[in-house]
Number of protein chains: 2
Amino acid sequence: MLAARPRSGYEIKRLVDHSARFFWAASYGQIYPELKRLEEAGLVAGTDASQGGRQRTVYELTDQGLRAARDWIARPPEVFETRDEGMLKLFFAGVIEPSRAAEIAGERAARSAEASRQLKAVEEMVRAEVPAEGPEYLPDTGSMTVLRYGIEANEWAAAWWERAARDLEKQETASKGEV
Amino acid sequence: MLAARPRSGYEIKRLVDHSARFFWAASYGQIYPELKRLEEAGLVAGTDASQGGRQRTVYELTDQGLRAARDWIARPPEVFETRDEGMLKLFFAGVIEPSRAAEIAGERAARSAEASRQLKAVEEMVRAEVPAEGPEYLPDTGSMTVLRYGIEANEWAAAWWERAARDLEKQETASKGEV
DNA sequence: CACAGATATATCGCGCTGATACATATCACG
DNA sequence: CGTGATATGTATCAGCGCGATATATCTGTG
């Protein structure tokens with residue numbers, strides 16, 4: 001984030017919450033200590049930008065930091081993990097409370113629908129803020145691709161879980177009839 | 001997991017690694033202390049099942065524990081988070097190394113393809129282990145639904161990123177030509 | 001001028017990750 | 001029958017992150 005321009009920890013947090021949050025969240029408790037560690041390592045440099053009584057430290061990327069960022073982006077991605085409580089509950093429903101399975105699938109569908117809705121709002125905002133700087137280079141192709149993926153993946157998931165909820169419900173009433 | 005049958009911490013870890021891992025991973029450093037906390041809270045009960053010199057503690061769910069599990073599954077899911085380093089890299093490619101964007105998308109596609117392959121192997125195993133106990137009740141509908149979702153979602157994602165990789169590459173060569 | 005909301009940083013307990021250490025049991029192979 | 005590889009089992013630890021809260025100042029609005 002500092003590669004684009006210098007920012008304070010607070011600005012970074014806000015940017016994360018409005019964009020990367022969907023695939024990589026961050027808390028204050030992570031950001032502030034990390035900025036200090038990065039400064040100690042010489043990858044970022046903090047400048048005091050306090051106004052009056054309000055403290056403020058703006059960090060910028062050093063040359064060494066930019067090199068480290070390039071190294072990082074050149075390496076193949078490693079972390080890829082998910083924590084999805086809905087899937088966990090559905091996974092265990094059979095041995096705990098089978099009758100809730102269909103409901104959980106429905107809740108899962110709603111969650112994905114909501115996520116895609118939020119991401120679409122972000123997309124609208126981005127489009128609005130970028131008037132028309134040439135037909136080609138939008139905010140930037142990579143991040144717009146990520147955003148599009150978020151929207152479409154969640155739409156796909158919402159539809160999938162909707163169908164799963166219907167199927168599970170059907171199976172439930174069917175087995176009740178049989179027993 | 002203990003609702004299905006009593007298990008040792010080691011068995012729980014193995015089960016997680018072979019199934020839930022894709023949407024909820026767990027480490028020894030989480031499992032063993034957690035079992036102790038649950039025992040202290042009266043939700044599980046540990047029995048010494050050492051054989052010869054090999055220590056072994058098997059935990060089973062208490063009545064109170066089963067009630068707690070039912071309460072848990074009745075509550076709407078809360079946690080839903082993702083950490084996807086590939087998307088993070090693509091998100092930042094524009095300001096760090098735009099020329100890598102297409103590559104990253106390709107790597108992301110490969111990762112999803114690999115995940116769906118692994119999950120299909122799990123599905124095969126499950127099918128093989130369950131001979132044919134009536135046309136209706138498979139290992140159990142909920143967990144099979146979760147597995148199916150994992151497979152299909154990753155297949156969808158692999159195809160999506162494949163296409164994105166092609167598009168990004170096309171855009172790159174196009175803009176090079178213009179400049 | 002008050003007050004809500006935005007900007008900004010710090011702090012802290014608790015839990016988790018990832019790795020390693022340590023020990024025993026089992027099994028295949030010659 | 002021994003040996004080495006693999007599986008079973010538990011424990012531990014440093015470092016880090018989460019989620020919440022505390023504190024303070026600045027800005028805009030009625």
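Residues numbered from 1 in each chain as written. Chains lettered and ligands numbered in written order. Predicted model: local features only at pLDDT ≥ 70, side-chain atom pairs only at ≥ 80, totals over all residues.

Visitor: Give a description of the overall build of chain A that names residues and reports values.
Guide: Each helix and strand counted, chain A has six helices and four strands in total. In chain A, the order of α-helices and β-strands from amino to carboxyl end is β-α-α-β-β-α-β-α-α-α. At 22 Å, chain A has a C-alpha radius of gyration far larger than the 16 Å of a compact globule built from 179 residues. With the principal axes as the frame, chain A shows a C-alpha extent of 70 × 40 × 40 Å. When the 179 residues of chain A are sorted by exposure, 27% land in the buried category. (Helix = DSSP H or I, 4+ residues; strand = E, 2+ residues; numbered from the N terminus. Rg over C-alpha atoms; globule rule 2.2 N^0.38 Å. Buried ≥ 20, exposed ≤ 12 C-beta atoms within 10 Å, placed from the backbone.)

Visitor: Tell me about the protein's contact with DNA strand C, residues and numbers included.
Guide: With respect to spatial proximity, 22 residues lie near DNA strand C, and among them Ser-8 and Gly-29 of chain A together with Gly-29, Gly-52 and Gly-53 of chain B are the closest. Those elements that place two or more of their residues in the surface near DNA strand C are helix H1 (9–18) and helix H2 (28–40) of chain A together with helix H2 (28–40) of chain B. A total of four residues in the surface near DNA strand C trace back to one element, the largest contributor, which is H2 of chain B. Within the surface near DNA strand C, the residues separate by chemical class into six nonpolar, 11 polar and five charged. (Near = placed C-beta within 6 Å. Nonpolar A, V, L, I, M, F, W, Y, C, P; charged D, E, K, R; others polar.)

Visitor: Could you give me a rundown of the sheet that holds strand E2 (residues 44–48) of chain A, with the residues and numbers involved?
Guide: Residues and elements named next belong to chain A. The antiparallel open sheet is built from three strands, whose spatial order is E1-E3-E2. What marks the edges here is a single partner per strand, and that holds for strand E1 (7–8) and E2. Of the strands in this sheet, E2 and strand E3 (57–61) are in contact with H2, which crosses E2 at around 110°. (Pairing = 2+ DSSP bridges. Contact = placed C-beta atoms within 7 Å. Axes fitted to C-alpha atoms, helices over the stretch in contact; angles between N-to-C directions.)

Visitor: I'd like a description of the interface of chain A and chain B, backed by residues and values.
Guide: Between chain A and chain B, the residue contacts involve 54 residues of the former and 54 residues of the latter. For the side of chain A that touches chain B, the element with the highest residue contribution is helix H6 (residues 141–178) of chain A, accounting for 15 residues. The class makeup of the residues in the side of chain A that touches chain B is 31 nonpolar, nine polar and 14 charged. In the sheet, strand E4 (residues 80–84) of chain A pairs with strand E4 (residues 80–84) of chain B via five bridges, with the strands oriented antiparallel.

Visitor: Run through the protein's contact with DNA strand D, naming residues and quoting values.
Guide: Not every one of the 22 residues close to DNA strand D is listed here, only the nearest: Gly-29, Gly-52 and Gly-53 of chain A together with Ser-8 and Gly-29 of chain B. Put simply, the parts of the chain that give the surface near DNA strand D at least two residues each are H2 of chain A together with helix H1 (9–18) and H2 of chain B. It is H2 of chain A that contributes the most residues to the surface near DNA strand D, four residues altogether.

Visitor: I'd like a description of the sheet that holds strand E3 (residues 57–61) of chain B, backed by residues and values.
Guide: Residues and elements named next belong to chain B. Read from one edge to the other, the open sheet built from three strands follows the order E1-E3-E2, with strand pairing classed as antiparallel. In this open sheet, the two strands that pair with only one neighbour each are strand E1 (7–8) and strand E2 (44–48). The sheet contact formed by E2 and E3 spans five bridges and is antiparallel. The residue bridging Ala-45 from the neighbouring strand is Glu-60, located in E3.

Visitor: Outline the relation of the copies chain A and chain B, listing residues and values.
Guide: Screw-axis analysis of chain A against chain B gives a translation of 0.0 Å along the axis, an RMSD of 0.1 Å, and a rotation angle of 180°. Look at the turn and shift together and you get a two-fold axis relating the two. The C-alpha atom lying nearest the rotation axis in chain A is that of Thr-82 of chain A; the distance is 2.2 Å. Looking at chain A, 100% of its interface residues are interface residues in chain B too, so the copies touch through the same face. (Least-squares fit on C-alpha atoms with pLDDT ≥ 70 in both.)

Visitor: Now, about the pairing of E3 of chain A: what can you tell me, with residues and values included?
Guide: With two bridges joining them, E1 of chain A and E3 of chain A adopt antiparallel strand pairing. Bridge pairing in E3 of chain A links Arg-7 of chain A to Tyr-59 of chain A.

Visitor: Account for the packing of helix H4 (residues 85–96) of chain A against helix H5 (residues 101–129) of chain A, with residues named and values stated.
Guide: Residue and element names in this part refer to chain A. The contact between H4 and H5 brings their axes to 9 Å, and the two run at 165°. Viewed along their axes, H4 and H5 adopt a mutual orientation that is roughly antiparallel. For the pair H4 and H5, the crossing hand works out as left-handed. Counted together, Gly-86, Lys-89, Leu-90 and Ala-93 of H4 and Ala-101, Ile-104, Ala-105, Glu-107, Arg-108 and Arg-111 of H5 form the full contact between these two elements. Counted by class, the contact of H4 with H5 contains five nonpolar, one polar and four charged residues. (Parallel < 35°, antiparallel > 145°, perpendicular 65-115°, else oblique. Left-handed = near helix turned anticlockwise from the far one by under 90°.)

Visitor: Pulling in residues and values, what's your account of the environment of Trp-156 of chain A?
Guide: Within the secondary structure, Trp-156 of chain A sits in helix H6. Sequence separation between Trp-156 of chain A and Lys-120 of chain A is 36 residues; the distance between their C-alpha atoms is 14 Å.

Visitor: Please set out the packing of helix H3 (residues 63–74) of chain A against helix H4 (residues 85–96) of chain B residue by residue, giving values where relevant.
Guide: The interhelical angle for the contact between H3 of chain A and H4 of chain B, taken along N-to-C directions, is 135°, at an axis separation of 11 Å. Considered as vectors, H3 of chain A and H4 of chain B are oriented oblique to each other. Of the two elements, H3 of chain A crosses H4 of chain B, and the hand of that crossing is left-handed. On H4 of chain B, the residues touching Ala-69, Arg-70 and Ile-73 of chain A of H3 of chain A are Lys-89, Phe-92, Ala-93 and Ile-96 of chain B. Across the contact of H3 of chain A with H4 of chain B, the residue classes break down as five nonpolar, no polar and two charged.

Everything listed is a geometric property; what it means functionally is a separate question.
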